[in-house]
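# Residue-level structure breakdown
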Amino acid sequence: MIDKLFYFVTVPMVYLAVAWAIVGIIIRAVQIWRRPRHPFTLKVFEQRSTLLGRMPLIGAIVDVFTMPTVRKHQPLFWVFLGLFHLALLALLVAHLDLLPQINIMPTGSKHMLGYGGVGVVLTVSVLYFMWRRFRSPVREISVPADYLLLLLLFLIFITGDTISWANSWNSGGFVIGKPEFAAYLDGLVKFTFDNPRDVLYGSHYVVVVLHVLLANLLLLLLPFSKVMHFFFALPMNKLRRG
Amino acid sequence: MEDDQRQELLKLFRERLTSAVRMYMENCTRCGLCIEACHAYASSPETRYSAVGRAQNIRRLFDRYFKLSGKLAPALNEAIDLDDGWLDKIYETAYTCTGCRRCMTYCPFGIDTQTIQGIAKMLLIGSDKEPKVLSMLSDMSIAKGQNIEQTKQTFAQAVHNLESEVLDMWRSEGGQEAVPLDVMGANVLYVALAGKHSMIPAAAIMNAAQEKWSLSYFEAVNFGAFVGNPQKTREISQRIIDEAVRLGVKEVAICECGTAYRVMKQQMGELPFEVISFVELMARYLREGRIKVDRSKIEGRLTYHDPCQIARNGGIYEDPRYIIEQLTGEFVEMQPNRAANWCCGGGGGLVAMGEKDFRMKSAKVKADQVRDTGAKVLATACENCHTQLSDLNEHYQLDVKVEYLSNLVAEALVQD
Ligand code: SF4
Ligand code: SF4
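What you see is a predicted model; the values in this text were computed from it and never measured. (Residues numbered from 1 in each chain as written. Chains lettered and ligands numbered in written order. Predicted model: local features only at pLDDT ≥ 70, side-chain atom pairs only at ≥ 80, totals over all residues. Heavy atoms only, no water.)

### Overview of the overall build of chain B
In terms of regular secondary structure, chain B is built from 21 helices and seven strands. Taking the principal axes of the C-alpha coordinates as reference, chain B spans close to 75 × 50 × 30 Å. Counting the 416 residues in chain B, one finds 65% classified as buried. Put simply, chain B shows about 15,100 Å² of open surface, and 49% of that area lies on carbon and sulfur atoms. Each charge sign in chain B was given a centre, from 49 positive and 56 negative side chains, and these centres are 4 Å apart. (Helix = DSSP H or I, 4+ residues; strand = E, 2+ residues; numbered from the N terminus. Buried < 20%, exposed > 50% of the residue type's maximum accessible area, 1.4 Å probe, protein only. Areas by Shrake-Rupley, 256 points an atom, 1.4 Å probe, with all protein chains shown as cover. Lys, Arg positive; Asp, Glu negative; His and termini not counted. Charge placed at Lys NZ, Arg CZ, Asp CG, Glu CD.)

Following this line, the structure appears as structure tokens:
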């Protein structure tokens, strides 16, 4: 029974979650774009005329990637937000790098991109976000979903860290190494529907399943969550730039 | 609340959901960055008076009625039913927000709280809970537009009575009317407020510049915008637009009233004439040498309050500073200033509604900011700001003289 459950989580549920997330994101985007445009400008005028001010789209892109308002008003928060988002990007690349078709780390390297550091940065950043959210005044404007999302992210990262650490630093050697994960992901990409247990034979397989389960949950919740700001940060900043 | 009424209100809510508003509704991360941006929070500090605190009242309704998650798991985002109790809560936050949009300069996404409060105000109108004084004032403006032919004569007489005061400020050339009305093909249609303080200095300045101008029969202030009724906002502005078109003017200059300027400049769509603020017109006259001012008239240090709707929301930063440079050598900036300036705390209809206790309490940061300049004269270019700053002056004993820029210019006019 448990084997069947593990198989469901690591193969069919992954497809379901990804499809759900894609359809959900498209629906949310369509819901927004089908609404009428705002009848007048929502621009806020800059302090002084600047080059970026005269190029609203470029200005908005710079706003999205550098978050100048956060840097100005809460520099420590900006540092963690910057680290978090950069590490997320690195995390995505690191997972893609597991695919045999993609080789970013040197072939034969037993380490994921970042040597486990990416996960640590993410975990620490999320801990900071939690600490901030539990404190006044942010606590007063928070809703349960805010805490649950952070908790979910924390659990995804900590299980990811565990897998990474178990691989890299376990004195018993590499229990489940990169080639095994590569085989699992390759199977997913090629829709072989093979049971990952056949290739992921390490003793901490349960942690891998938990990690995948939590990531699936995140994908399922994604279209309903504020993570969607990822897609709308640019158009919203463009509105402010005019 | 009856279900029929709720459905009616939700229909109004839906109508306000433009693509921008929908993005604002769905993508706030509740990072809290905007909290300290609001003068009301900074002066209290109570999070219900923060941008996100106010917006959450509306967002929770949005979640309940427009999102699947609010139907399946309402507790997750604290989705809430729309009822009379919640409307009372909405009233409190909508009519304590001045619509200054300072919070937008903090939010990493630029979420516009004023626009979200537009939904709150619409729900209050729909449930007949809006501040009646604002509705009444908007209706009066609209009625004036409908009965203009009957009131023109009285208005012309009242304006005629002001002429001697205008001439005291500037002796016009022979043949030039001190306060002209109905001037076909005028370069400028000047739209004043109801009080003579908004007509006399402006008339003197335009006469000094030998402008071909005409005074509008209508007052600039738009109570429809304060009460958040787009239909009334348009009707009130439309009276002026029709008049400008009838006279065939090149420019409509809005007096020192921030909301009137922003509504006419940004919210009325394409117009067959230019819309400018009177501040811009004064700066133009000075730059072109059409008027000259005496630099020794103002005694003591002067500071300038950027009205939110003209500066942050209208982009007029440098013209008032240019004017001030011509008027005095003792100018001191408030800190922060321009787009970052603190709101005076009187916008969004609060001055018209009275609300003095709240206005004073919520604008303590503004009073501190003025006091820190050590100025003796506090100039501004908006009637709402002027009233609020005068009240703050008295309440916090700031010991400044609050002045309109136009009045400072008119009093310093140099007659060759
Ligand atoms: S618009 Fe101004 S008053 Fe309203 S929440 Fe934002 S900062 Fe506060
Ligand atoms: S700063 Fe923007 S995203 Fe953050 S809580 Fe305020 S409105 Fe929401």
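### Thoughts on the sheet that holds strand β2 (residues 213-215) of chain B
All names here are of chain B. With parallel pairing, the four strands of this open sheet are ordered in space as β2-β1-β3-β4. Both outer strands of the open sheet, β2 and β4 (274-277), are each paired with one neighbouring strand and no more. Pairwise comparison of adjacent strand axes, ignoring direction, gives a mean angle of 25 degrees for this sheet. Bridge count between strand β1 (residues 188-191) and strand β3 (residues 251-254): four bridges; the pairing is parallel. When the sheet's bridge partners are listed, Tyr-190 is paired in β3 with Ala-253. (Pairing = 2+ DSSP bridges. Axes fitted to C-alpha atoms, helices over the stretch in contact; angles between N-to-C directions.)

### Here we look at the site of ligand 2
Within the structure, ligand 2 sits among Cys-28, Thr-29, Arg-30, Cys-31, Gly-32, Leu-33, Cys-34, Val-52, Cys-107, Pro-108, Phe-109 and Ile-111 of chain B. Here the shell around ligand 2 is composed, by residue class, of nine nonpolar, two polar and one charged. (Near = heavy atom within 4 Å. Nonpolar A, V, L, I, M, F, W, Y, C, P; charged D, E, K, R; others polar.)

### Considerations on the pairing of β4 of chain B
All names here are of chain B. Here β3 runs beside β4; their pairing, made up of four bridges, is parallel. Paired with Ala-253 across the bridge in β4 is Ile-276. Handedness of the crossover joining β3 and β4 through helix α14 (residues 258-266): right-handed. (Right-handed = clockwise from strand over helix to strand, strands pointing away.)

### Quick look at the nonpolar core
Counting 141 residues, the largest nonpolar core has Tyr-190 and Leu-215 of chain B as its most contacted members. Those residues in contact with Tyr-190 of chain B that lie beyond four places of it in its chain are Ser-198, Met-199, Ala-202, Met-206, Trp-213, Ser-214, Leu-215, Ser-216, Ala-253, Cys-255 and Phe-278 of chain B. Counting 24 residues, the second largest nonpolar core, distinct from the first, contains Leu-122, Val-126, Leu-150 and Leu-218 of chain A. (Core = buried A, V, L, I, M, F, W, Y, C linked by side-chain atoms within 4.5 Å. Contact = heavy atoms within 4.5 Å.)

### What to know about the environment of Asp-81 of chain B
Residues and elements named next belong to chain B. Along the chain, Asp-81 turns up in the loop between α5 (68-72) and α6 (84-94). Note: C-alpha distance between Asp-81 and Arg-60 (21 residues apart in sequence) is 8.5 Å. Apart from the residues within four sequence positions on either side, Asp-81 is in contact with Leu-61, Arg-64, Tyr-65 and Trp-86. At 2.6 Å, the side chain of Asp-81 forms a polar contact with the side chain of Arg-64. (Polar contact = N/O pair within 3.5 Å; in protein donor to acceptor, adjacent residues only side chain to side chain.)

### So, a nonpolar patch on the surface
Together, Val-18, Ile-22, Ile-26 and Val-30 of chain A make up a nonpolar patch on the protein surface, roughly 320 Å² of accessible area in all. Residue classification places Val-18 of chain A among the partly exposed positions, given a relative accessible area of 36%. (Patch = residues over 30% accessible without salt bridge, like charges linked within 9 Å, V, L, I, M, F, W, Y side chains within 5 Å. Salt bridge = Lys/Arg side-chain N within 4 Å of Asp/Glu carboxyl O.)

### Considerations on the packing of aromatic side chains
Scanning all chains against the criterion turns up 20 aromatic pairs over all chains. Between Phe-62 of chain B and Phe-66 of chain B, the ring centres sit 5.7 Å apart and the planes meet at 25 degrees, which makes this aromatic pair stacked. Of the two residues, Phe-62 of chain B and Phe-66 of chain B both sit in helix α4 (residues 51-66), four residues apart, roughly one turn of that helix. Accessibility expressed as a relative area gives 0% for Phe-62 of chain B, which makes it buried. Three or more aromatic residues link up through ring pairs in this structure, and these residues are Phe-77, Phe-80, Phe-84, Tyr-128, Phe-129, Trp-131 and Phe-157 of chain A. Here Arg-132 of chain A stacks its cationic end above the ring of Phe-77 of chain A, 3.7 Å away from the centre of that ring. Between the NZ or CZ atom of Arg-64 of chain B and the centre of the ring of Tyr-65 of chain B, over which it lies, the distance is 4.7 Å. (Phe/Tyr/Trp six-rings, centres within 6.5 Å; stacked < 30°, edge-to-face > 60°. Lys NZ or Arg CZ within 6 Å of the ring centre and 35° of its normal.)

### Notes on unusual backbone geometry
Residues Ser-136 of chain A and Pro-137 of chain A are joined by a peptide bond in cis, for which omega reads 5 degrees. By the secondary structure assignment, Pro-137 of chain A is in the loop between α7 (117-133) and α8 (138-141). Cis peptide bonds are those with omega within 30 degrees of zero, and the linkage from Ser-44 of chain B to Pro-45 of chain B qualifies with -25 degrees. Here Pro-45 of chain B shows up in the loop between α3 (39-43) and α4. With phi around 55 degrees, Glu-78 of chain B is a residue other than glycine that occupies positive phi space.

### Quick word on the interface of chain B and chain A
Contacts between the two partners involve 57 residues from chain B and, on the opposite side, 46 residues from chain A. Summed over both partners, the interface of chain B with chain A buries about 4,400 Å², with 60% contributed by carbon and sulfur atoms. Together, Met-23, Arg-30 and Phe-109 of chain B form the three largest contributors to the area buried by chain B at its contact with chain A, with a combined 14%. Here chain B is connected to chain A by two salt bridges. Here Arg-30 of chain B and Asp-146 of chain A are joined by a salt bridge, their closest N and O atoms 2.7 Å apart. For the pair chain B and chain A, the interface holds 25 residue pairs in polar contact (both at pLDDT 80 or more). When residues of the side of chain B that touches chain A are traced back to their parent elements, those giving at least two are α2 (19-26), α4, α5 and α14 of chain B. In terms of residue count, α2 of chain B provides more of the side of chain B that touches chain A than any other element does, seven residues in total. Partitioning the side of chain B that touches chain A into residue classes produces 24 nonpolar, 20 polar and 13 charged. (Buried area = accessible area lost by both parts, 1.4 Å probe.)

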